[in-house]
Structures are given as structure tokens and as C-alpha cells.
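Notes for the structure review
The chain contents come next:
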Amino acid sequence: MKKTIGIITTLDTKGDEADYLRQQIHEMDAETVLIDIGVIGEPGITPDITRQQIAVAGGSSMELLLVNPSRQAASPVMDSGAIALIRKMIDEGKMHGIVGLGGSQGTSNCTAVMRALPYGFPKIMVSTVASGDTSSFVDIKDITMMFSVGDILGLNNLLRAILKNAAGAAYGMARAETSFTSVRGDKPTIGMTNLGVLTDGAMYAMDLLRHRGFEVIVFHAVGSGGRAMEQLIREGVIDAVFDYALGELADELFGGFRAGGPERLTVAAQRELPQIIVPGGAEHIGLFVEPDTIPEKYKNRLHTFHNPIIYVPRLNVNEMKLLAEAIAQRLSGATSQTKVLLPLRGVGRYSIEGGPLHDPECDR
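The text that follows walks through the structure, step by step, so that each part is easy to find. This one's a predicted model, so the numbers in the text were calculated from it and none came from an experiment. (Residues numbered from 1 in each chain as written. Predicted model: local features only at pLDDT ≥ 70, side-chain atom pairs only at ≥ 80, totals over all residues. Heavy atoms only, no water.)

Attention shifts here to the sheet that holds strand S11 (residues 303–307). Pairing within the open sheet is antiparallel, and its three strands lie in the order S10-S12-S11. Looking at the sheet topology across the chains shown, the edges are occupied by strand S10 (287–288) and S11. Pairing geometry for S10 and strand S12 (residues 310–313), over two bridges, is antiparallel. In the sheet register, Leu287 faces S12, and the bridge partner there is Tyr311. (Pairing = 2+ DSSP bridges. Helix = DSSP H or I, 4+ residues; strand = E, 2+ residues; numbered from the N terminus.)

Shown next as C-alpha cells:
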């Protein structure tokens, strides 16, 4: 069966570029669905899914959006409509990958749509802002960001080469036939969090679990990792949880970069999944700093540097108590399938005896 790749962009400003991308995909003997999420200008080429269809699917109409046009009003409607139509095509087996083209606003809109698509479904965003911090665009979904280098504003030899690569990447991903069922698998699946200071223990646990017939998906608990695990819990991919790294809660409470958000440690309980909780790596926070610089606020703390730009100060006794209360509060709705294990000789490589953050009284 031929593969079909969606192309999503604003055709009033990206018509020529979308048409070239479409041609490259057709040369690979694949089909395309051209999706126009523009609002104000006229499309430069004819789409397969029009902006009018998207606005209606989003609960409005193009006429209403054009009364007092604004990005704030139009974006939620167009994003919602595009998600509904694209998900329907995916569910019906009529789309096998998607490529977006955009600048900052186009990237925001296209990736908002992509974040609502299933894990494993190919998602490529050709973007003028892909060389910077893309965390707000990617968030916790498997979106591949491709830097356009130049602006996506008129074809030239450089942009043609990049669009040709994007076409090849999308087609190759679609041919791989990864799907949500591939992510789910046929074994009971355990979601497990980990940090670098816990990896030896994590590897030991993974061997034990796999030996007993479980699939283990490990998430790097640096904010996005814990949230990704909990999203997969919601989507039914994960059957039980070994929450081995709770540094995301410490950073949430005390301003570290690994903050996991207000729902962290609540989703497994809501879904009534079995879970084992260990406060691994929760005795410290992670802070981005200038290389090898100690912030004034933490100069009297036990500390170490995870690397030259990540400073790791030890929490004090009062902060540890607040952390314990937060863990207890977030687990308060859990069923009897929840167990909390407290290591007695430190909660990570930094805080064991001989480690730079060793503080038995604080642990106690």
C-alpha cells in the first residue's frame, strides 16, 4: 500500500515551499494530503483539506474568524479542527506521517497539532526556530525538529535541499510502519523513572523485571520524563509504575530545572495502577548556572556539580520535611496497590556515605 504523508502549513505564505515538498514526496511514490491552516491571506496553491473545513471541524467558521481576525482567537479553532481531521485519517489508515513548515507562529500551531497525535506516528517539523530551545514545541511528544537554516520564504537551493531531506525522512519513517500498537507491545509494561545518580540500581531492577517477563520503559526524570510517563499511563501503555526518581518533585517545590508539574505522582493513583515509590535523587535540586559558579543563596550548602553548568545543592531539613509532605499529599488518593520504600543509606549516589551530599540527619 502506498504511504500518505500529510503536509501542514499556512498556504498563504508557504505555498511554493509546500508544493515543492509535495513533489518530492510524490517522486518517492507516496501520496500527500496538503492541509492549509492559514486564516487571512489567500492560499498560494489548492489544498486537499481547506481552511474552511478546518474551521468548521474546530467548531467555528472562517467567516466568524475573519470578523476580527487575531491569532489568539484563530489558533485554538484551527488547531482543534486540524487535530480532529488528521486523527480521523490516522484512525482510518489514510495518513502515515506528517510534515509541518513554519516560522515561530507556524511552528507553534503545527506542533500543537502534532502533540495531539499518537506516539509512534511520524511527526517532522521544518522550522526556522528549530536550532533554539524547542521544549515548548516538542514538550513530551516524539516530534522531530528540522532546522530550515534560512527563512521559509521563497525557494532557493539551500531550502530545496532541506525540504528534500524532510520528504525523505517522512517517507522513511512511514515505511518503518511504527505504530501505537508497537509502542504498547504484548507484554505487561512497567514505567520506571531514573536519574544518573540512580542508574546502577535502575539497571539492576530492569534485569529483574525483564527476567520475569515484563517490558520496562525508563524515563529520564528531568521534568519532561516524568510527564511523558504519566501521559503514557493515561493512554494505557503502562500497566504498573516503579517511580524510582522523585527529583522532579524537589525541583517543583524549590525552583530546580527538573520540575515535573503539579500532576506529577498523581496519575498512577487516578488510574488505580500498582506503583512502587522511591524518593531517588530527591535530596537535592538541579540548577543551571554559569560554569562552575555557586549561587550566593546556596553558598553554605553541601553541594556538587553534576557537570560545569548544573549545580546540585543539598536540601536542608525543613525542605526535606516539605518534600515529604508533598509526596504524602500527592499519594493520598492512592489505593492499597501503592508502596513507598525509603532507602536507609542515602537516596542516590551523591548522598550515600562518602558522597558529596551525605547528610544522615537530613535523610532521617
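Below, the discussion takes up a nonpolar patch on the surface. Taken together, Phe147, Val149 and Leu158 make up a surface patch of nonpolar side chains, about 250 Å² in accessible area. Within the secondary structure, Leu158 sits in helix H7 (residues 157–176). (Patch = residues over 30% accessible without salt bridge, like charges linked within 9 Å, V, L, I, M, F, W, Y side chains within 5 Å. Areas by Shrake-Rupley, 256 points an atom, 1.4 Å probe, with all protein chains shown as cover. Salt bridge = Lys/Arg side-chain N within 4 Å of Asp/Glu carboxyl O.)

Moving on to the nonpolar core. Buried together is how nonpolar side chains tend to be arranged in soluble globular proteins. Core analysis: the biggest nonpolar cluster contains 30 residues, and Ile8, Ile35, Ile86, Met95 and Ile98 have the highest contact counts within it. Elements that contribute at least two residues to this core include exactly strand S2 (31–36), helix H2 (51–57), helix H3 (62–65), helix H4 (71–91), helix H5 (104–114) and helix H6 (135–138). At seven residues, the largest contribution of residues to this core is made by H4. Discounting residues that sit within four places of it in the chain, Ile98 has contacts with Ile5, Gly6, Ile8, Ile35, Ile86, Met114, Leu117, Phe121, Pro122, Lys123 and Ile124. One finds Ile5, Ala30, Ile45 and Met146 within the second-largest nonpolar core, a separate group that totals 24 residues. (Core = buried A, V, L, I, M, F, W, Y, C linked by side-chain atoms within 4.5 Å. Buried < 20%, exposed > 50% of the residue type's maximum accessible area, 1.4 Å probe, protein only. Contact = heavy atoms within 4.5 Å.)

Scanning the entire structure with this criterion turns up four aromatic pairs. Consider the rings of Tyr298 and Tyr311, whose centres lie 6.4 Å apart with planes at 55°: the pair is tilted. Remark: Tyr311 occurs in strand S12 and Tyr298 occurs in the loop between S10 and S11; sequence separation between them is 13 residues. Tyr311 sits in the buried class, given a relative accessible area of 0%. Taken together, the aromatic side chains of Tyr298, Phe305 and Tyr311 make up a single cluster linked through ring pairs. (Phe/Tyr/Trp six-rings, centres within 6.5 Å; stacked < 30°, edge-to-face > 60°.)

A word on the side chain of Thr338. Mapped onto the secondary structure, Thr338 falls in strand S13 (residues 338–340). Apart from residues no more than four positions distant in its own chain, Thr338 is found in contact with Gln275, Ile277 and Leu331.

So, on to the pattern of salt bridges. Counted under the stated rule, the structure contains 17 salt bridges. Measuring nitrogen to oxygen at the nearest pair gives 2.8 Å for the salt bridge that ties Arg264 to Asp243. Here the residue Arg264 occupies a position in the loop between helix H11 (247–254) and helix H12 (267–270), and Asp243 occupies one in strand S8 (residues 240–245), the gap between them amounting to 21 residues. Of the two residues examined, Arg264 and Asp243, each falls in the buried class. Residue Arg301 pairs with Glu319 through a salt bridge whose shortest N-O separation is 3.0 Å. Here the residue Arg301 occupies a position in the loop between S10 and S11, and Glu319 occupies one in helix H13 (residues 317–330), the gap between them amounting to 18 residues. Several salt bridges share partner residues, and in doing so they unite Glu230, Asp243, Glu248 and Arg264 into one network.

A word on unusual backbone geometry. Phi is positive for Asp139, close to 55°, though the residue is something other than glycine. Tracing the sequence through the fold places Asp139 in the loop between H6 and strand S5 (144–147). When its relative accessible area of 33% is taken as the criterion, Asp139 is described as partly exposed. The phi angle at Val149 is positive, at roughly 70°, despite the residue not being glycine. Mapped onto the fold, Val149 is located in the loop between S5 and H7.

Further remarks concern the pairing of S11. Bridging between S11 and S12 involves four bridges; their strand directions are antiparallel. Within the sheet, the bridge partner assigned to His303 lies in S12 and is Pro313. If you look at the hairpin formed by S11 and S12, you'll find two residues sitting between the two strands.

Such coordinate-based values are descriptive only and should not be taken to indicate function.
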